[in-house]
Amino acid sequence: MASGTDSADILILGGGLVGSALAAALDAHGLSSIVIDTADPEKILAASFDGRASAIASAPYRMFEAIGVADRLAGMGCPIQGIRVSDGLDPGALDFEPDADTGALGYMFENRNLRRALLEAAQAAPLADVRMKTRAVSVERGPHGVTALLDSGKTVRAQLLIAAEGRNSPTREAAGLKVARWSYDHAAMVVSLHHEKSHENIAFEIFYPEGPFAILPLVDDEHGHRSAIVWTVKAAHAAGMMALSDRAYLHEAEKRMGGFLGKLDRLTPRFSHPLGFHHAAWITADRLALVGDAAHGIHPIAGQGVNVGFRDVATLVEVLVEGKRLGLDLGDPQLLARYQRWRGLDTFMVAAATDGLTRLFGVPGRTASAVRRFGLSAVQKLPPLKRAFMAEARGESGDVPKLLQGLTV
């Protein structure tokens, strides 16, 4: 939608994956938004594949279907038909396979395709006014609404402000919302590569004492089979690993994989970033709500990162739509308190679980390894526990918002 009206129901700062999804989801429910983002869409949409990819759990994917985003991703996602977890290359692994009638556990997408689909869905939404290459110079939250002065000279107004600016959210800091954070002594190296044998749509998580090694299936391309790799190493080793030649890097990756996908080749550009945890205990303030990485960032060990943000979107939309039906101001403290309660416990539980896994699998030594293998085999043999893990992987644990069930509110 072209820049027009200077007032809307919701003002969203940040038009990334989560901010764009929120704008599209609000539009699907008759709520208007103005999205402000400093990025240049030509640059972010023109980028060639850089190796970065995301696992979208089945519940957030159902939301994509409900809000009309899934059509824009047709044919681009690789269904995850199973997850295999092991301690090193130990054959006593834990397998998660969905029942025939429940469909894939999720889908792997290249980040550039996700970014394009979500941004274009927001831009096409009649009730979303997406303003890229724009900055909010100042934002005032008052008793009667939110007012922002933009660097274009325009002033925009809304009932509620959403911070979707990512982990270093200036809006969160300005609101004084405290964040618990710590760093892991690890870095994640992210890359995609081709391999000789098919991954058969299985995701693999191999735990080594220095960190997990994840192999995530991507759709085949003209060069054959390929996967995204998230390789966690000690922070002190990351620079040396990144400096390796492509040939040496592939050789090391092949050792970690035990050769079960055959010969590896065709690396994409490599990225490395330090791993950390952050969690805002309070994700709301007067006429303000946080979503996505502005509210919480977790270790990628369970692949839940961006899915937690999409869960925020589904929850917030449900709270706001029901509030509007009751005739409430969308910035009403009752609505924000409901969002806080609904998301606060869930995000803390996911964060605590991933942090616990990180620490458990990071303990060196044979005894620790024996304990891990015992734990994996115990889960393998206990169907109720296995189902609970599967529900978490799908994004279906706890009180599931309607959008994550594929329903509009």
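For the structure itself, look to the data block above.
Residues numbered from 1 in each chain as written. Predicted model: local features only at pLDDT ≥ 70, side-chain atom pairs only at ≥ 80, totals over all residues. Heavy atoms only, no water.

## Regarding the overall build of the protein chain
Within the protein chain, the secondary structure is distributed over 11 helices and 21 strands. Among the 409 residues that make up the protein chain, the fraction classed as buried is 53%. When the accessible surface of the protein chain is split by element, carbon and sulfur atoms take 55% of a total near 17,700 Å². (Helix = DSSP H or I, 4+ residues; strand = E, 2+ residues; numbered from the N terminus. Buried < 20%, exposed > 50% of the residue type's maximum accessible area, 1.4 Å probe, protein only. Areas by Shrake-Rupley, 256 points an atom, 1.4 Å probe, with all protein chains shown as cover.)

## A look at the packing of helix H1 (residues 17-28) against helix H4 (residues 111-124)
Two elements in contact, H1 and H4, have axes separated by 8 Å at closest approach and are oriented at 35°. As for the relative orientation of H1 and H4, their crossing is left-handed in sense. From H1, Leu-17, Ser-20, Ala-21, Ala-23 and Ala-24 reach across to H4, where they touch Leu-114, Arg-115, Leu-118, Leu-119, Ala-121 and Ala-122. Each residue belonging to the contact of H1 with H4 can be placed in one class, and the counts come to 9 nonpolar, 1 polar and 1 charged. (Axes fitted to C-alpha atoms, helices over the stretch in contact; angles between N-to-C directions. Left-handed = near helix turned anticlockwise from the far one by under 90°. Contact = heavy atoms within 4.5 Å. Nonpolar A, V, L, I, M, F, W, Y, C, P; charged D, E, K, R; others polar.)

## Details of the layout of surface pockets
To locate leftover empty space, one rolls a probe as large as a water molecule over the atoms. Put simply, the second largest pocket is a space of about 440 Å³. Lining the second largest pocket we find 21 residues, and of these Leu-13, Ala-136, Glu-165, Pro-170 and Thr-171 sit closest to its centre. Elements that contribute at least two residues to the lining of the second largest pocket include exactly strand S9 (136-142) and helix H5 (170-174). With 5 residues, S9 is the largest single contributor of residues to the lining of the second largest pocket. (1 Å grid on protein atoms, 1.4 Å probe; cavity = no way out; pocket = protein on both sides within 12 Å on 5 of 7 lines; lining within 4 Å. Points joined across faces, edges and corners; volume = space filled by probe spheres on them.)

## What about the pairing of strand S18 (residues 271-280)?
Pairing analysis gives 9 bridges linking strand S13 (residues 179-195) to S18, with the strands arranged antiparallel. Its bridge partner being in S18, Ala-187 is matched across the sheet by Pro-274. (Pairing = 2+ DSSP bridges.)

## Here's the deal with the pairing of strand S16 (residues 224-234)
Of all 11 residues making up S16, 8 are buried, and the element is well covered by its neighbours. In terms of strand pairing, S13 meets S16 through 10 bridges, oriented antiparallel. Opposite Met-189, over in S16, you have Trp-231 as the bridge partner. Bridge analysis of strand S15 (residues 211-221) against S16 gives 7 bridges, and the strand direction is antiparallel. Bridge assignment links Ala-214 to a residue of S16, and that residue is Val-230. Counted along the chain from S15 to the antiparallel partner S16, the turn is 2 residues long.

## Digging into helix H3 (residues 58-66)
Structurally, the α-helix is built with 3.6 residues per turn, so residues lying three or four positions apart point the same way. Those residues of H3 that fall on the buried side of the exposure criterion are Ser-58, Ala-59, Pro-60, Tyr-61, Met-63 and Phe-64. Positioned one or two residues after H3, Gly-68 has a phi angle of 80°, which is positive.

## A look at H1
Compared with an ideal rise of 1.5 Å per residue, which puts 12 residues at 16 Å, H1 spans 17 Å between its outermost C-alpha atoms and is within 8% of the ideal. In terms of burial, H1 is a largely internal element, 11 of the 12 residues being buried. By the burial criterion, the buried members of H1 are Leu-17, Val-18, Gly-19, Ser-20, Ala-21, Leu-22, Ala-23, Ala-24, Ala-25, Leu-26 and Asp-27. Two residues or fewer after H1 comes Gly-30, characterised by a positive phi angle close to 80°. (Expected span 1.5 Å × (residues − 1).)

## Section: the sheet that holds strand S20 (residues 288-290)
On the basis of which strands lie adjacent, the open sheet formed by 6 strands has the order S8-S2-S1-S12-S20-S19 and mixed pairing. The two strands at the open ends of the sheet, each matched to only one other strand, are strand S8 (128-131) and strand S19 (284-285). Bridge count for strand S1 (residues 10-13) against strand S12 (residues 160-163) is 4 bridges, and the pairing is parallel. Across the sheet, Ile-10 pairs through a bridge with Leu-160, a residue of S12. The strands touched by H1 are S1, strand S2 (33-36), S8 and S12; relative to S1, the strand with the most contacts, the crossing angle is about 160°.

## Let's talk about the environment of Ser-183
Checked against the element boundaries, Ser-183 lands in strand S13. Judged by its relative accessible area of 65%, Ser-183 is exposed. Ignoring anything within four residues of it in the chain, the contact list for Ser-183 reads Leu-275 and Gly-276.

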